[in-house]
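As a plain string of letters, each chain reads:
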Amino acid sequence: MGSELKSKFIEVYSVLKSELLNDPAFEWTDASRQWVERMLDYNVPGGKLNRGLSVLDSYKLLKGQKELTDTDFFLASALGWCIEWLQAYFLVLDDIMDGSHTRRGQPCWFRVPKVGLIAANDGILLRNHIPRILRKHFREKPYYVDLLDLFNEVEFQTASGQMIDLITTIEGEKDLSKYSLSIHRRIVQYKTAYYSFYLPVACALLMVGEKLDDHIDVKNILIDMGIYFQVQDDYLDCFGDPAFIGKIGTDIEDFKCSWLVVKALELCNDEQKHLLYDNYGKDDKACVAKVKELYKKLNLEGVFAEYESSSYQKLNKAIEAHPSKSVQQVLKSFLGKIYKRQK
(Lines give C-alpha, C1' and ligand atoms only; values in the text may rest on other atoms or scores of the structure.)
Protein backbone atom coordinates (compact mmCIF):
# COMPACT_ATOMS: atom_id res chain seq x y z
CA MET A 1 0.00 0.00 0.00
CA GLY A 2 2.02 2.95 -1.28
CA SER A 3 2.28 6.27 0.51
CA GLU A 4 1.18 7.94 -2.74
CA LEU A 5 -2.08 5.99 -2.65
CA LYS A 6 -2.54 6.87 1.00
CA SER A 7 -2.11 10.58 0.33
CA LYS A 8 -4.60 10.41 -2.57
CA PHE A 9 -6.98 8.63 -0.19
CA ILE A 10 -6.50 11.38 2.41
CA GLU A 11 -7.28 14.02 -0.24
CA VAL A 12 -10.73 12.43 -0.53
CA TYR A 13 -11.17 12.96 3.23
CA SER A 14 -10.60 16.69 2.74
CA VAL A 15 -13.24 16.83 0.01
CA LEU A 16 -15.81 14.92 2.09
CA LYS A 17 -15.06 17.06 5.13
CA SER A 18 -15.59 20.30 3.25
CA GLU A 19 -18.88 18.98 1.81
CA LEU A 20 -20.08 18.10 5.31
CA LEU A 21 -19.05 21.51 6.66
CA ASN A 22 -21.19 23.11 3.97
CA ASP A 23 -24.14 20.71 4.18
CA PRO A 24 -27.16 22.75 3.05
CA ALA A 25 -29.48 20.94 5.49
CA PHE A 26 -28.00 23.02 8.35
CA GLU A 27 -27.41 26.75 8.81
CA TRP A 28 -23.73 26.85 9.74
CA THR A 29 -22.04 29.47 11.89
CA ASP A 30 -18.29 29.99 12.15
CA ALA A 31 -18.27 28.46 15.63
CA SER A 32 -20.18 25.33 14.63
CA ARG A 33 -18.07 24.84 11.54
CA GLN A 34 -14.85 25.19 13.52
CA TRP A 35 -16.07 22.74 16.18
CA VAL A 36 -17.02 20.03 13.68
CA GLU A 37 -13.83 20.50 11.68
CA ARG A 38 -11.64 20.16 14.77
CA MET A 39 -13.68 17.18 15.94
CA LEU A 40 -13.34 15.43 12.55
CA ASP A 41 -9.61 16.09 12.23
CA TYR A 42 -9.06 14.80 15.77
CA ASN A 43 -11.05 11.59 15.42
CA VAL A 44 -11.43 10.42 11.82
CA PRO A 45 -8.10 10.34 9.95
CA GLY A 46 -5.73 9.50 12.82
CA GLY A 47 -5.62 5.70 12.67
CA LYS A 48 -3.89 3.23 10.37
CA LEU A 49 -6.79 3.59 7.87
CA ASN A 50 -6.66 -0.17 7.16
CA ARG A 51 -10.43 -0.55 6.91
CA GLY A 52 -10.87 2.37 4.54
CA LEU A 53 -7.93 1.48 2.33
CA SER A 54 -9.10 -2.12 2.03
CA VAL A 55 -12.26 -0.98 0.21
CA LEU A 56 -9.96 0.48 -2.48
CA ASP A 57 -7.78 -2.63 -2.50
CA SER A 58 -10.72 -4.98 -2.79
CA TYR A 59 -12.47 -2.92 -5.44
CA LYS A 60 -9.33 -2.89 -7.62
CA LEU A 61 -8.96 -6.66 -7.33
CA LEU A 62 -12.64 -7.32 -8.07
CA LYS A 63 -12.55 -4.99 -11.08
CA GLY A 64 -9.31 -6.62 -12.24
CA GLN A 65 -7.81 -3.18 -12.86
CA LYS A 66 -4.43 -1.90 -11.72
CA GLU A 67 -5.53 1.71 -12.21
CA LEU A 68 -8.99 3.09 -11.43
CA THR A 69 -10.61 6.04 -13.17
CA ASP A 70 -10.68 9.19 -11.01
CA THR A 71 -14.41 8.75 -10.43
CA ASP A 72 -14.08 5.11 -9.36
CA PHE A 73 -11.14 5.98 -7.12
CA PHE A 74 -13.16 8.74 -5.48
CA LEU A 75 -16.26 6.60 -4.92
CA ALA A 76 -14.36 3.61 -3.52
CA SER A 77 -12.42 6.00 -1.27
CA ALA A 78 -15.63 7.67 -0.12
CA LEU A 79 -16.98 4.28 1.01
CA GLY A 80 -13.67 3.58 2.70
CA TRP A 81 -13.99 6.86 4.57
CA CYS A 82 -17.56 5.99 5.59
CA ILE A 83 -16.08 2.97 7.41
CA GLU A 84 -13.45 5.20 9.03
CA TRP A 85 -16.28 7.55 10.12
CA LEU A 86 -18.14 4.57 11.58
CA GLN A 87 -14.99 3.51 13.41
CA ALA A 88 -14.49 7.05 14.78
CA TYR A 89 -18.09 7.10 16.03
CA PHE A 90 -17.65 3.78 17.86
CA LEU A 91 -14.31 4.80 19.37
CA VAL A 92 -15.43 8.21 20.62
CA LEU A 93 -18.38 6.60 22.46
CA ASP A 94 -16.42 3.48 23.54
CA ASP A 95 -13.80 5.64 25.21
CA ILE A 96 -16.46 7.46 27.22
CA MET A 97 -18.02 4.13 28.29
CA ASP A 98 -14.67 2.64 29.25
CA GLY A 99 -13.37 5.80 30.91
CA SER A 100 -10.26 5.47 28.76
CA HIS A 101 -7.46 8.01 28.81
CA THR A 102 -5.61 7.72 25.52
CA ARG A 103 -6.41 6.63 21.99
CA ARG A 104 -3.95 6.56 19.06
CA GLY A 105 -1.29 8.18 21.20
CA GLN A 106 -3.33 11.24 22.21
CA PRO A 107 -5.96 11.96 24.88
CA CYS A 108 -9.41 10.51 24.13
CA TRP A 109 -11.66 13.15 22.58
CA PHE A 110 -13.87 13.47 25.67
CA ARG A 111 -10.72 14.11 27.77
CA VAL A 112 -9.83 17.17 25.67
CA PRO A 113 -10.44 20.42 27.62
CA LYS A 114 -13.89 21.94 26.93
CA VAL A 115 -15.07 18.77 25.11
CA GLY A 116 -16.17 16.48 27.94
CA LEU A 117 -19.58 14.93 27.36
CA ILE A 118 -20.20 17.05 24.27
CA ALA A 119 -18.26 14.09 22.81
CA ALA A 120 -21.45 12.01 23.12
CA ASN A 121 -23.22 14.32 20.69
CA ASP A 122 -20.13 14.41 18.49
CA GLY A 123 -20.40 10.63 18.27
CA ILE A 124 -24.00 10.98 17.10
CA LEU A 125 -22.86 13.55 14.52
CA LEU A 126 -20.13 11.24 13.23
CA ARG A 127 -22.70 8.51 12.75
CA ASN A 128 -25.03 10.90 10.93
CA HIS A 129 -22.31 12.01 8.55
CA ILE A 130 -22.31 8.57 6.94
CA PRO A 131 -25.78 8.79 5.33
CA ARG A 132 -24.99 12.38 4.29
CA ILE A 133 -21.90 11.17 2.38
CA LEU A 134 -23.79 8.21 0.88
CA ARG A 135 -26.68 10.41 -0.19
CA LYS A 136 -24.46 12.97 -1.88
CA HIS A 137 -22.36 10.51 -3.87
CA PHE A 138 -24.38 7.30 -4.26
CA ARG A 139 -28.01 8.38 -4.46
CA GLU A 140 -28.34 7.62 -8.16
CA LYS A 141 -26.53 4.28 -7.97
CA PRO A 142 -28.55 1.08 -8.35
CA TYR A 143 -26.93 -0.25 -5.15
CA TYR A 144 -27.74 2.82 -3.00
CA VAL A 145 -30.42 1.11 -0.89
CA ASP A 146 -28.16 -1.92 -0.40
CA LEU A 147 -25.37 0.36 0.85
CA LEU A 148 -27.66 2.07 3.37
CA ASP A 149 -28.93 -1.32 4.48
CA LEU A 150 -25.40 -2.67 4.83
CA PHE A 151 -24.16 0.20 7.00
CA ASN A 152 -27.31 0.06 9.16
CA GLU A 153 -27.05 -3.69 9.68
CA VAL A 154 -23.35 -3.67 10.47
CA GLU A 155 -23.81 -0.80 12.92
CA PHE A 156 -26.56 -2.77 14.68
CA GLN A 157 -24.34 -5.86 14.85
CA THR A 158 -21.41 -3.88 16.23
CA ALA A 159 -23.48 -2.09 18.88
CA SER A 160 -24.97 -5.46 19.91
CA GLY A 161 -21.48 -6.94 20.17
CA GLN A 162 -20.42 -4.01 22.33
CA MET A 163 -23.47 -4.67 24.51
CA ILE A 164 -22.53 -8.35 25.09
CA ASP A 165 -19.00 -7.20 25.91
CA LEU A 166 -20.21 -4.57 28.38
CA ILE A 167 -22.71 -6.80 30.19
CA THR A 168 -20.21 -9.67 30.39
CA THR A 169 -17.68 -7.46 32.18
CA ILE A 170 -19.95 -5.46 34.53
CA GLU A 171 -17.95 -3.86 37.35
CA GLY A 172 -18.62 -5.53 40.67
CA GLU A 173 -19.66 -8.74 38.95
CA LYS A 174 -16.22 -9.98 38.01
CA ASP A 175 -16.84 -13.65 37.49
CA LEU A 176 -14.43 -15.61 35.32
CA SER A 177 -16.85 -18.52 35.11
CA LYS A 178 -18.87 -16.43 32.62
CA TYR A 179 -15.95 -16.56 30.18
CA SER A 180 -15.75 -19.25 27.53
CA LEU A 181 -14.54 -19.69 23.97
CA SER A 182 -18.12 -19.34 22.68
CA ILE A 183 -18.78 -16.02 24.46
CA HIS A 184 -15.39 -14.76 23.29
CA ARG A 185 -16.28 -15.71 19.74
CA ARG A 186 -19.68 -14.00 19.88
CA ILE A 187 -18.28 -10.75 21.26
CA VAL A 188 -15.53 -10.64 18.63
CA GLN A 189 -17.77 -11.66 15.74
CA TYR A 190 -20.28 -8.89 16.39
CA LYS A 191 -18.12 -6.20 17.95
CA THR A 192 -15.19 -6.35 15.53
CA ALA A 193 -15.38 -8.79 12.62
CA TYR A 194 -18.44 -7.42 10.80
CA TYR A 195 -17.30 -3.83 10.53
CA SER A 196 -13.56 -4.44 10.24
CA PHE A 197 -13.49 -7.38 7.82
CA TYR A 198 -16.85 -7.95 6.17
CA LEU A 199 -17.90 -4.31 5.65
CA PRO A 200 -14.96 -3.18 3.43
CA VAL A 201 -15.34 -6.18 1.09
CA ALA A 202 -19.15 -5.89 1.05
CA CYS A 203 -18.80 -2.24 -0.06
CA ALA A 204 -16.49 -3.28 -2.90
CA LEU A 205 -18.83 -6.12 -3.94
CA LEU A 206 -21.78 -3.72 -4.14
CA MET A 207 -19.73 -1.29 -6.23
CA VAL A 208 -18.99 -3.96 -8.83
CA GLY A 209 -22.70 -4.80 -9.06
CA GLU A 210 -22.78 -7.96 -6.94
CA LYS A 211 -25.66 -8.90 -4.64
CA LEU A 212 -24.53 -9.56 -1.07
CA ASP A 213 -26.99 -12.45 -0.66
CA ASP A 214 -24.93 -14.33 -3.27
CA HIS A 215 -21.81 -14.06 -1.12
CA ILE A 216 -22.69 -15.55 2.26
CA ASP A 217 -19.60 -17.79 1.94
CA VAL A 218 -17.38 -14.71 1.56
CA LYS A 219 -19.00 -13.20 4.65
CA ASN A 220 -18.33 -16.37 6.67
CA ILE A 221 -14.68 -16.49 5.65
CA LEU A 222 -14.20 -12.81 6.53
CA ILE A 223 -15.89 -13.26 9.92
CA ASP A 224 -13.53 -16.16 10.69
CA MET A 225 -10.64 -13.97 9.60
CA GLY A 226 -11.84 -11.22 11.93
CA ILE A 227 -11.95 -13.68 14.83
CA TYR A 228 -8.42 -14.87 14.02
CA PHE A 229 -7.30 -11.21 13.90
CA GLN A 230 -8.77 -10.52 17.35
CA VAL A 231 -7.14 -13.62 18.85
CA GLN A 232 -3.82 -12.25 17.52
CA ASP A 233 -4.69 -8.93 19.15
CA ASP A 234 -5.39 -10.64 22.47
CA TYR A 235 -2.10 -12.50 22.20
CA LEU A 236 -0.09 -9.38 21.31
CA ASP A 237 -1.70 -7.47 24.19
CA CYS A 238 0.16 -9.78 26.53
CA PHE A 239 3.14 -11.12 24.57
CA GLY A 240 3.76 -8.38 21.98
CA ASP A 241 6.50 -5.78 22.27
CA PRO A 242 4.90 -2.51 23.48
CA ALA A 243 7.63 -0.48 21.74
CA PHE A 244 6.66 -2.15 18.47
CA ILE A 245 2.86 -2.27 18.88
CA GLY A 246 2.71 1.32 20.06
CA LYS A 247 0.56 0.59 23.10
CA ILE A 248 0.85 -1.13 26.45
CA GLY A 249 -1.60 -3.98 26.88
CA THR A 250 -4.03 -3.85 29.81
CA ASP A 251 -6.38 -6.77 29.08
CA ILE A 252 -5.45 -8.55 32.33
CA GLU A 253 -6.03 -5.46 34.52
CA ASP A 254 -9.24 -4.66 32.64
CA PHE A 255 -10.72 -8.12 33.20
CA LYS A 256 -11.15 -8.50 29.44
CA CYS A 257 -12.71 -11.62 27.97
CA SER A 258 -9.45 -12.32 26.17
CA TRP A 259 -8.70 -15.50 24.21
CA LEU A 260 -5.72 -16.04 26.54
CA VAL A 261 -7.76 -16.13 29.75
CA VAL A 262 -10.38 -18.35 28.13
CA LYS A 263 -7.67 -20.79 27.00
CA ALA A 264 -5.99 -20.63 30.41
CA LEU A 265 -9.29 -21.56 32.09
CA GLU A 266 -9.55 -24.56 29.76
CA LEU A 267 -6.04 -25.78 30.45
CA CYS A 268 -5.36 -25.10 34.12
CA ASN A 269 -5.77 -27.33 37.18
CA ASP A 270 -7.75 -26.30 40.26
CA GLU A 271 -4.81 -24.65 42.00
CA GLN A 272 -3.97 -22.61 38.90
CA LYS A 273 -7.64 -21.72 38.47
CA HIS A 274 -7.63 -20.24 41.99
CA LEU A 275 -4.56 -18.21 41.11
CA LEU A 276 -6.36 -16.85 38.03
CA TYR A 277 -9.54 -16.04 39.95
CA ASP A 278 -7.49 -14.24 42.62
CA ASN A 279 -5.31 -12.18 40.29
CA TYR A 280 -7.17 -11.55 37.02
CA GLY A 281 -8.78 -8.12 36.64
CA LYS A 282 -6.73 -6.43 39.38
CA ASP A 283 -4.90 -3.20 38.55
CA ASP A 284 -1.82 -4.32 40.42
CA LYS A 285 1.55 -5.07 38.80
CA ALA A 286 2.21 -8.09 41.03
CA CYS A 287 -1.18 -9.65 40.13
CA VAL A 288 -0.61 -9.04 36.42
CA ALA A 289 2.85 -10.63 36.68
CA LYS A 290 1.35 -13.74 38.32
CA VAL A 291 -1.19 -14.10 35.52
CA LYS A 292 1.50 -13.70 32.85
CA GLU A 293 3.67 -16.25 34.64
CA LEU A 294 0.76 -18.71 34.62
CA TYR A 295 0.23 -18.06 30.88
CA LYS A 296 3.87 -18.96 30.30
CA LYS A 297 3.63 -22.07 32.49
CA LEU A 298 0.57 -23.21 30.51
CA ASN A 299 2.57 -22.63 27.32
CA LEU A 300 -0.04 -20.30 25.86
CA GLU A 301 2.60 -19.06 23.41
CA GLY A 302 2.79 -22.56 21.96
CA VAL A 303 -1.00 -22.99 22.08
CA PHE A 304 -1.35 -19.72 20.17
CA ALA A 305 1.27 -20.72 17.56
CA GLU A 306 -0.73 -23.90 16.96
CA TYR A 307 -3.99 -21.94 16.73
CA GLU A 308 -2.38 -19.52 14.29
CA SER A 309 -1.16 -22.17 11.89
CA SER A 310 -4.36 -24.24 11.98
CA SER A 311 -6.50 -21.11 11.44
CA TYR A 312 -4.31 -20.09 8.54
CA GLN A 313 -4.63 -23.50 6.91
CA LYS A 314 -8.40 -23.61 7.42
CA LEU A 315 -8.88 -20.11 6.00
CA ASN A 316 -6.66 -20.84 3.02
CA LYS A 317 -8.57 -24.01 2.27
CA ALA A 318 -11.90 -22.17 2.42
CA ILE A 319 -10.55 -19.40 0.17
CA GLU A 320 -9.21 -21.82 -2.42
CA ALA A 321 -12.60 -23.53 -2.59
CA HIS A 322 -14.16 -20.26 -3.78
CA PRO A 323 -15.20 -20.35 -7.47
CA SER A 324 -14.20 -16.77 -8.29
CA LYS A 325 -10.49 -16.05 -8.75
CA SER A 326 -10.91 -12.32 -8.10
CA VAL A 327 -12.79 -12.97 -4.84
CA GLN A 328 -9.98 -15.38 -3.89
CA GLN A 329 -7.46 -12.60 -4.51
CA VAL A 330 -9.38 -10.23 -2.24
CA LEU A 331 -9.56 -12.79 0.56
CA LYS A 332 -5.90 -13.78 0.15
CA SER A 333 -4.81 -10.16 0.28
CA PHE A 334 -6.64 -9.76 3.62
CA LEU A 335 -5.15 -12.95 5.02
CA GLY A 336 -1.65 -12.04 3.80
CA LYS A 337 -1.81 -8.73 5.66
CA ILE A 338 -2.65 -10.29 9.01
CA TYR A 339 -0.89 -13.69 9.05
CA LYS A 340 1.94 -13.73 11.62
CA ARG A 341 1.66 -9.97 12.13
CA GLN A 342 3.64 -8.51 15.04
CA LYS A 343 1.50 -5.42 15.58
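As a reminder, the structure under discussion sits directly above these lines.
The residue numbering used here restarts from 1 in each chain and proceeds along that chain's sequence as written. Selection of residues for local features in this predicted model requires a pLDDT of at least 70, selection of side-chain atom pairs for listing and counting requires 80 or more, and totals for whole chains, interfaces and linings are taken over all residues. Side-chain figures throughout are based on the complete set of non-hydrogen atoms in the structure, without hydrogens or water.

### Observations regarding the packing of helix α7 (residues 181-207) against helix α14 (residues 325-338)
No. 1: The geometry of α7 relative to α14 is characterised by a closest axis approach of 12 Å and an angle of 150 degrees between their N-to-C directions. Judged by the inter-axis angle, α7 sits roughly antiparallel to α14. When the axes of α7 and α14 are compared, the crossing they make is right-handed. Within the contact between the two elements, α7 uses S196, F197, P200 and V201 and α14 uses V330, F334 and I338.
No. 2: Residues that form the contact of α7 with α14 fall into these classes: 6 nonpolar, 1 polar and no charged. Convention adopted: a line fitted to C-alpha atoms gives each axis, helices being fitted over their contacting stretch, and angles between N-to-C directions are expressed from 0 to 180 degrees. Secondary structure elements follow DSSP: runs of H or I no shorter than four residues count as helices, runs of E no shorter than two count as strands, and numbering proceeds from the N terminus. Note that the term roughly parallel is reserved for angles under 35 degrees, roughly antiparallel for angles over 145, roughly perpendicular for angles of 65 to 115, and oblique for everything else. In this scheme the handedness of a crossing depends on how the near helix is turned from the far one: anticlockwise by less than a right angle means left-handed, clockwise means right-handed. Contacts are assigned to residue pairs that have any heavy atoms within 4.5 Å of one another. For this scheme, ten residues count as nonpolar: Ala, Val, Leu, Ile, Met, Phe, Trp, Tyr, Cys and Pro. Four count as charged, namely Asp, Glu, Lys and Arg, and the remainder, Gly too, count as polar.

### A look at the side chain of D57
No. 1: By the element assignment, D57 lies in helix α3 (residues 50-63).
No. 2: Here the side chain of D57 touches K337 through a polar contact of 2.8 Å, side chain to side chain. Identification of polar contacts relies on pairs of N or O atoms within 3.5 Å, with a donor-acceptor requirement for protein atoms, meaning one able to donate a hydrogen and the other able to accept it, and with residues adjacent in sequence counted only if both atoms are side-chain atoms.

### Details of the nonpolar core
Soluble globular proteins tend to bury their nonpolar side chains together.
No. 1: Within this scheme, the nonpolar core is defined by two criteria: the residues are buried Ala, Val, Leu, Ile, Met, Phe, Trp, Tyr or Cys, and they are joined through side-chain atoms within 4.5 Å. Working definition: with a 1.4 Å probe on protein chains only, accessible area under 20% of the residue-type maximum means buried, over 50% means exposed, and in between means partly exposed. Counting 82 residues, the largest nonpolar core has W85 and M225 as its most contacted members.
No. 2: No other element matches helix α4 (residues 70-98), which puts 15 residues into this core.
No. 3: Look past the residues within four positions of M225 in its chain and what remains in contact with it is F197, L315, I319, L331, F334, L335 and I338.

### Examining the pattern of salt bridges
No. 1: The term salt bridge refers to a pairing of a side-chain nitrogen on Lys or Arg with a carboxyl oxygen on Asp or Glu at a separation within 4 Å. Under the criterion given, the structure shown has 12 salt bridges.
No. 2: When the shortest N-O distance is used, the salt bridge between D23 and R132 registers 2.8 Å. One end of the pair, D23, is in the loop between α1 (3-20) and α2 (30-43); the other, R132, is in helix α5 (residues 118-138), and 109 residues separate them in sequence.
No. 3: Among the salt bridges present, the one from R127 reaches E155, with a minimum N-O distance of 2.7 Å.

### Points about the packing of aromatic side chains
No. 1: The criterion for an aromatic pair is that two Phe, Tyr or Trp rings (for Trp, the six-membered ring) have centres within 6.5 Å, with stacked assigned to planes under 30 degrees apart, edge-to-face to planes over 60 apart and tilted to the rest. Within the structure shown, the criterion is met by 22 aromatic pairs.
No. 2: Centroid distance W259 to F304: 6.1 Å. Interplanar angle 75 degrees. Geometry classified as edge-to-face. Here W259, found in helix α10 (residues 259-267), pairs with F304, found in helix α13 (residues 300-320); they are 45 residues apart in sequence, far enough to count as distant.
No. 3: For F304, a relative accessible area of 6% gives the class buried.

### What to know about the environment of N152
No. 1: Residue placement: N152 occurs in helix α6 (residues 144-168).
No. 2: Take N152: its relative accessible area is 41%, and that puts it in the partly exposed class.
No. 3: Side chain to side chain, N152 and R127 meet in a polar contact 2.9 Å long.

### Details of α2
No. 1: What a helix is expected to span follows from its residue count: subtract one and scale by 1.5 Å. Taking 1.5 Å per residue as the helical rise, α2 with its 14 residues ought to reach 20 Å, and the 20 Å between its terminal C-alpha atoms agrees with that figure.
No. 2: The elements touched by buried residues of α2 are α1, α4 and α5.

### Thoughts on a positive patch on the surface
No. 1: What makes a patch is a set of residues exposed beyond 30% relative accessible area and free of salt bridges, joined within 9 Å when like-charged and within 5 Å when nonpolar (Val, Leu, Ile, Met, Phe, Trp, Tyr). What sets the accessible areas is the Shrake-Rupley method with a 1.4 Å probe; for residues, cover comes only from the shown protein chains. Positive charge is attributed to Lys and Arg, negative charge to Asp and Glu, and no charge count is given to His or to the chain ends. Charge placement uses NZ in Lys and CZ in Arg. For Asp and Glu, CG and CD serve respectively. Among the surface-exposed residues, K48, R104, K247 and K343 lie close enough to one another that they form a single positively charged patch.
No. 2: As for its position among the elements, K247 is in the loop between α9 (242-245) and α10.

### Observations regarding a nonpolar patch on the surface
No. 1: A cluster of nonpolar side chains, contributed by M97, M163, L166, I167 and I170, occupies part of the molecular surface with about 420 Å² of accessible area.
No. 2: Counting residues per element, the nonpolar patch draws most heavily on α6, which supplies 3 residues.
No. 3: You can see I170 is positioned in the loop between α6 and α7.
No. 4: According to the relative accessible area criterion, I170 is partly exposed, its value standing at 35%.

### Quick notes on the side chain of N279
No. 1: Within the secondary structure, N279 is located in helix α11 (residues 270-279).
No. 2: For N279, a relative accessible area of 7% puts it in the buried group.
No. 3: For N279, the side chain forms a polar contact with the main-chain oxygen of L275, separated by 2.8 Å.

### So, α1
Spacing of three or four residues puts side chains on the same side of an α-helix, whose turn is 3.6 residues.
No. 1: Taking 1.5 Å per residue, 18 residues should reach 26 Å; α1 reaches 26 Å between its end C-alpha atoms and fits that length.
No. 2: Those residues of α1 that sit buried are L5, F9, V12, Y13, L16, K17 and L20. Around the axis of α1, the buried residues are gathered within 140 degrees of arc, so they sit on the same side. Seen from the open side of α1, the exposed residues pointing more than 90 degrees away from its buried face are S3, E4 and E11. This arc is built from the directions going out from the helix axis to the C-beta atoms.

Purely spatial values, then, with no claim about function.
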